[in-house]
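Fold and contact review
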Amino acid sequence: RMITVNNKFVVLFILSLSIAPAIFLGEGNRNLLLIVVMFIAPIFLLKYLKIDKIDILLLALFLYMIVVPMVYNPESYRISTVLYSVLFGLLFLSYKQLFYNSTFTVEFYSKLLKYIIYAYFITLLIQQFCVLTGIPVFNVSNYDPTEPWKLNSLSPEPSHTARIVALLMFSYIITIEIIKKRTYSFVQEFKIDKYIWLAFLWIMLTTNSGSAFLFLMLIFFKFLQLKNIIFLIFISLVSIYLLEYLNVTAFERTLNFSQAVLTLDIKTMMRVDHSASLRVAPIIVLFDQIDLTSMNTWFGHGIDSTSNILSKYIHGVNDNFTGGGSLYLVYEYGLFSWILFMIFTFVTIIKIKEPITFAFWFFLVFMYSINSQIVWLCMILMFTNKYFYNQYNKGIN
C-alpha cells in the first residue's frame, strides 16, 4: 500500500513541476500548487533519511547560501529568499528517494509524459477556440490582447510552454528507446506515435513563441544521423522556406535574434528583440562583473544585489529587475556557490551518449535562476530518464 502511495506522490511531483494553471499562479507568476508540494516534500526525505553521494554537493551549496551571505553581506541578508531556494532542492532530493521506493515503471512514466503533452495540446486548442470566437480565454495568464494568438496553454507564458513541452517530448522519445531497446526512428515510430507528434508540433508551431523554433530544432537534432541527414536537411530547408513565405513573425524574430546574439552586443540584441534580449543580456552583464581578484566575486555582493546593477546596463526595465540565469549565484552568493550548482546539475543531467542533454542543460539550467520551476523539472525528468536508461541497459532489472 505504501508503495502505491509513493507512486501517486511521484506523479504529483512531476505534475506540479510540469504545469502551472492560471488558477494557481500567485504574485510574480509563482506556482502556488508547486509551493504546497515543496512544503510537503521534506517529509519524505525525513522518512527515508538517505541521499546519493552527488547530493552532498547540493547540500553544501545550500549551507554556503545560508552562511556566507549572513557573514559577508549581513545588511542584505534575507533568510526567506534562501529558504525558497532550499525548498526547491529538497523537492528534488525527496523526489529521488520517493522514486527509489516506488514501483514506478518506464511504461507508466512514458504514458504520464504523453498525457501531459496532450493536456497542453487540448488546453491550447480551447484557448485558440476562445480567441477565434471572441469569448474570454480559458486559463489565460500573461496575455497581451495586441498578440491574441500568443497563448500560454498550461504554463505561465508561451515561451515556458515551448521549453516544457520540448523537454517532455524529448523524455518521451527516450522512454520509447528504453522500452523498445533501440534508437528511436522517426519514420518507423511515427505510425504508432502520430497523435503525440501532431499534438507536439501543433503546440510548438502555434503558441507563437520564438523559443518554440529553437527547441523544435533541438528535438529534431535527436534524429540526426548520417543515413538520414539529407532527408532532415531537406525537411529543415522546406520548413524554413514555408515559415518565411508565410511571414511567421515568431520565426523571423528567432532568426534575427540568433544573429544578434552572435555579436554579444547588448544594444544590438535589444534593438532586434527587447523581450528575448532580457534572457541573454543580463548574463553578459553579470559575466563582465566577474573579477577573480575581487572578494565580492568569491563571496558575493549580497542577496538581491543583481537588481541594483542590471537596470544600469539594460534599458526599458524596472529598477528592481533581476536576471542573469545561473550567473546571479556568482554575483549574489559568490563563485563557489555557482561552481557547486553547475557540477551538481551537470552530473545529474548530462548523458554523454545523448548530446542533446548538453543543450537542455545549457538552455534550461545554466540560463535560468535556481528558483525556477523549469530548472527543477529538467532535473527531475533527466534524472528519471538516466535512471531507467541505466536500469534497462546494464541489466539491473
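Chains are numbered independently. Their residues run from 1 in the order of the written sequence. Side-chain atom pairs in this predicted model are given and counted only at pLDDT of 80 or more, local residue features only at pLDDT of at least 70, and totals for whole chains, interfaces and linings cover all residues. Excluded from the side-chain calculations are hydrogens and water; all other atoms, namely the structure's heavy atoms, are used.

**Some points on the overall build of the protein**
Spelled out, the test is: Each helix corresponds to a stretch of at least 4 residues labelled H or I by DSSP, and each strand to a stretch of at least 2 residues labelled E; elements are numbered beginning at the N terminus. We call two residues in contact when some of their heavy atoms are within 4.5 Å. Per-residue accessibility takes into account occlusion by the displayed protein chains alone, with areas from the Shrake-Rupley method and a 1.4 Å probe.
The helix and strand inventory of the protein stands at 19 helices and zero strands. In the protein, once contacts between residues fewer than 6 apart in sequence are set aside, the share between residues at least 24 apart is 71%. Total accessible area on the protein is roughly 19,200 Å²; 67% of this is exposed by carbon and sulfur atoms.

**A few points about the nonpolar core**
A general feature of soluble globular proteins is that nonpolar side chains tend to end up buried together. The following threshold applies: Think of a nonpolar core as a cluster: buried Ala, Val, Leu, Ile, Met, Phe, Trp, Tyr and Cys residues, connected wherever their side-chain atoms sit within 4.5 Å. Partly exposed describes any residue whose relative accessible area lies between the buried limit of under 20% and the exposed limit of over 50%, with all areas from a 1.4 Å probe on protein chains only and scaled to the type maximum.
If you look at the biggest cluster of nonpolar residues, it comprises 118 residues, and the most contacted ones within it are I14 and W376. With 13 residues, helix α7 (residues 158-180) is the largest single contributor of residues to this core. Discounting residues that sit within four places of it in the chain, W376 has contacts with L17, L58, F88, G89, F92, F341 and I370.

**With respect to the side chain of D193**
What counts is decided by this rule: Just so you know, the count uses Lys and Arg for positive and Asp and Glu for negative, and it drops His and the chain ends. The rule for a salt bridge is simple: a side-chain nitrogen of Lys or Arg has to be within 4 Å of a carboxyl oxygen of Asp or Glu.
Looking at the element boundaries, D193 is found in helix α8 (residues 186-206). Buried and unpaired, D193 has K114 as its nearest opposite-charge partner, separated by 5.1 Å. For D193, the contacting residues outside a window of four places in its chain are Y172, I176 and Y184.

**Regarding unusual backbone geometry**
Even without glycine at this site, N142 takes up a positive phi of about 50°. Here N142 shows up in the loop between α6 (106-133) and α7. Unlike most non-glycine residues, D304 shows phi in positive territory, near 65°. The partly exposed category is assigned to D304, whose relative accessible area is 26%.

**As for the packing of aromatic side chains**
Given two aromatic rings, one states the distance between the centres and the angle between the planes to describe the pair. To keep things clear, this is the line we draw: A pair of Phe, Tyr and Trp rings is counted when the ring centres sit within 6.5 Å of each other, with Trp represented by its six-membered ring. The angle between the planes then sorts it: under 30 degrees is stacked, over 60 is edge-to-face, the rest tilted. Whether a charge sits over a ring depends on NZ of Lys or CZ of Arg being within 6 Å of the ring centre and within 35 degrees of the ring normal.
Evaluated as defined, the whole model comprises 40 aromatic pairs. An angle of 80° between the planes, with centres 6.3 Å apart, marks the rings of Y95 and F383 as edge-to-face. Here Y95, found in helix α5 (residues 79-100), pairs with F383, found in helix α19 (residues 373-393); they are 288 residues apart in sequence, far enough to count as distant. The burial state of Y95 is the same as that of F383; both residues are buried. Here R30 stacks its cationic end above the ring of Y84, 5.4 Å away from the centre of that ring. Positioned over the ring face of Y389 is K351, at 3.7 Å from the centre of the ring.

**As for the environment of I40**
Among the secondary structure elements, I40 is positioned in helix α2 (residues 32-40). Sequence spacing of I40 and L91 is 51 residues, and the spatial spacing of their C-alpha atoms is 8.5 Å.

**Comments concerning a nonpolar patch on the surface**
Which entries qualify depends on this criterion: Residues enter patches when they are more than 30% accessible in relative terms and free of salt bridges; like-charged ones are connected within 9 Å and nonpolar ones (Val, Leu, Ile, Met, Phe, Trp, Tyr) within 5 Å.
A grouping of L63, V67, M70, V71, Y72 and M295 is seen on the molecular surface, where their side chains present a nonpolar patch of about 570 Å² in accessible area. Ranked by residue count, the leading element in the nonpolar patch is helix α4 (residues 55-72), at five residues. Residue M295 is classed as partly exposed on the basis of its relative accessible area of 48%.

**Describing the packing of α7 against α8**
What counts here: Angular values range over 0 to 180 degrees, each being the angle between N-to-C directions of two axes fitted as lines to C-alpha atoms, with helices fitted over their stretch in contact. Geometric relationships in this document are graded by angle, where less than 35 degrees denotes roughly parallel, more than 145 denotes roughly antiparallel, 65 to 115 denotes roughly perpendicular, and other angles denote oblique. Residues are grouped as follows: Ala, Val, Leu, Ile, Met, Phe, Trp, Tyr, Cys and Pro are nonpolar; Asp, Glu, Lys and Arg are charged; all remaining types, including Gly, are polar.
Two elements in contact, α7 and α8, have axes separated by 10 Å at closest approach and are oriented at 170°. Classified by the angle their axes make, α7 and α8 are roughly antiparallel. When α7 is examined against α8, the residues T161, A162, V165, A166, M169, Y172, I173, I176 and K180 are found in contact with a partner set consisting of E189, I192, D193, I196, W197, F200, I203 and M204. Tallied by class, residues from the contact of α7 with α8 come to 13 nonpolar, one polar and three charged.

**What about α4?**
The cut-off we apply is this: Given the number of residues in a helix, its expected span is that number minus one, multiplied by 1.5 Å.
Over its 18 residues, α4 runs 26 Å from end to end, which matches the ideal 26 Å to within 8%, given 1.5 Å per residue. Of all the positions in α4, only D55, L58, L61, F62, Y64, M65, V68 and P69 are classed as buried. The elements touched by buried residues of α4 are α5, α14 (295-299), α16 (328-333), α17 (335-349) and α19.

**Brief notes about the side chain of T81**
Under the convention used in this document: In the analysis that follows, any N or O atom pair within 3.5 Å is treated as a polar contact, provided that within protein one partner can donate a hydrogen and the other can accept it, and provided that, for residues neighboring in sequence, both atoms belong to side chains.
Within the secondary structure, T81 is located in helix α5. A polar atom in the side chain of T81 sits 2.8 Å from the side chain of R78. Residues in contact with T81, not counting those within four places in the same chain, are I303, Y333 and N371.

**Some thoughts on the confidence of the model for the protein**
Put simply, the test is: A residue's pLDDT is simply how confident the predictor is in it, with values from 0 to 100.
With 89% of its residues at a pLDDT of 70 or more, the protein shows a mean pLDDT of 87. At the low end of the mean pLDDT range in the protein sits helix α10 (residues 229-245), at 58; at the high end sits α6, at 96.

**Section: the pattern of salt bridges**
Side-chain pairing between opposite charges can occur once the charged atoms of the two side chains come close. Applying the stated criterion to the full structure yields eight salt bridges. A salt bridge links D55 to K96; its shortest N-O distance comes to 2.8 Å. Here K96 lies in helix α5 and D55 lies in helix α4, a separation of 41 residues in the sequence. The same class applies to D55 and to K96, which are both buried. Shared partners join several salt bridges into a network, and the residues in it are E177, K222, K351 and E354.

**A few points about the packing of α7 against α19**
Relative orientation of the contacting elements α7 and α19 amounts to 5°, with a least axis distance of 10 Å. As the angle between them shows, α7 and α19 are arranged roughly parallel. Contacts between α7 and α19 involve H160, R163, I164, L167, L168, F170, S171, I174 and I178 from the former and I374, L377, C378, L381, M382, N385, F388, Y389 and Y392 from the latter.

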